[in-house]
Amino acid sequence: VNTMGFAQNEENNQFEIKLYYSVDLVTPSGDTLNHIFDDSLHAEETEEFMDLILEAQLEIDSALGEGIYKLIFNVQDEYSQQSRSVGVDFNLSK
């Protein structure tokens, strides 16, 4: 997921960001498996951050079965205390 517009803390010519992100999985039956992936990003640079790519790698249990699933990527910005989510559908088949 490409992220931008997050808050940055500037101190002594250093720019710092703190983002937390997780992924939820919605099954074809509508059940939601929350936080199947969790991670955070804490970075410091001498220049302002423009955008970042957040990545998640998942393994989906084949027992879940075929159908249309949805991944929901949730991002929380610690400095602004704002959260955003984006979802994408995909088809799981044999």
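Heads up: the structure comes first, above all this text.
What you see is a predicted model, and the numbers here were worked out from it, not measured in a lab.

Undergrad: Is there a simple way to think about the layout of surface pockets in this case?
TA: Over the atoms rolls a probe the size of a water molecule, and its path tells where empty space is left. Approximately 290 Å³ is the volume found for the largest pocket. Of all elements in the fold, only strand E1 (2-4), strand E6 (67-77) and strand E7 (82-92) reach the threshold of two or more residues within the lining of the largest pocket. Taken together, the residues that form the lining of the largest pocket break down as eight nonpolar, eight polar and two charged.

Undergrad: Would you explain a nonpolar patch on the surface in this entry?
TA: A contiguous nonpolar surface patch, about 270 Å² in accessible area, is contributed by Leu33, Ile36, Ile60 and Leu64. Tracing the backbone shows leucine 33 in strand E4 (residues 32-45).

Undergrad: It is not clear to me how the packing of aromatic side chains should be interpreted in this structure. Could you clarify?
TA: Each pair of aromatic rings is reported with the distance of its centres and the angle of its planes. Within this structure, the stated rule accounts for three aromatic pairs. Measuring from centroid to centroid gives 6.2 Å for tyrosine 21 and phenylalanine 37, while their planes differ by 35°, and the two rings are tilted. Here tyrosine 21 is found in strand E3 (residues 14-26), whereas its partner phenylalanine 37 is found in strand E4, with 16 residues between them in sequence. As far as the burial class goes, tyrosine 21 and phenylalanine 37 line up, both buried. Their ring planes at 15° and their centres at 5.6 Å tell us that tyrosine 21 and phenylalanine 73 sit as a pair that is stacked. Taken together, the residues span a long stretch of sequence, with tyrosine 21 in strand E3 and phenylalanine 73 in strand E6 at a distance of 52 residues. Phenylalanine 73 carries the same exposure label as tyrosine 21, and that label is buried. A network of ring pairs unites the aromatic residues Tyr21, Phe37 and Phe73 as a single cluster.

Conventions and cut-offs
- Residues numbered from 1 in each chain as written.
- Predicted model: local features only at pLDDT ≥ 70, side-chain atom pairs only at ≥ 80, totals over all residues.
- Heavy atoms only, no water.
- 1 Å grid on protein atoms, 1.4 Å probe; cavity = no way out; pocket = protein on both sides within 12 Å on 5 of 7 lines; lining within 4 Å.
- Points joined across faces, edges and corners; volume = space filled by probe spheres on them.
- Helix = DSSP H or I, 4+ residues; strand = E, 2+ residues; numbered from the N terminus.
- Nonpolar A, V, L, I, M, F, W, Y, C, P; charged D, E, K, R; others polar.
- Patch = residues over 30% accessible without salt bridge, like charges linked within 9 Å, V, L, I, M, F, W, Y side chains within 5 Å.
- Areas by Shrake-Rupley, 256 points an atom, 1.4 Å probe, with all protein chains shown as cover.
- Salt bridge = Lys/Arg side-chain N within 4 Å of Asp/Glu carboxyl O.
- Phe/Tyr/Trp six-rings, centres within 6.5 Å; stacked < 30°, edge-to-face > 60°.
- Buried < 20%, exposed > 50% of the residue type's maximum accessible area, 1.4 Å probe, protein only.

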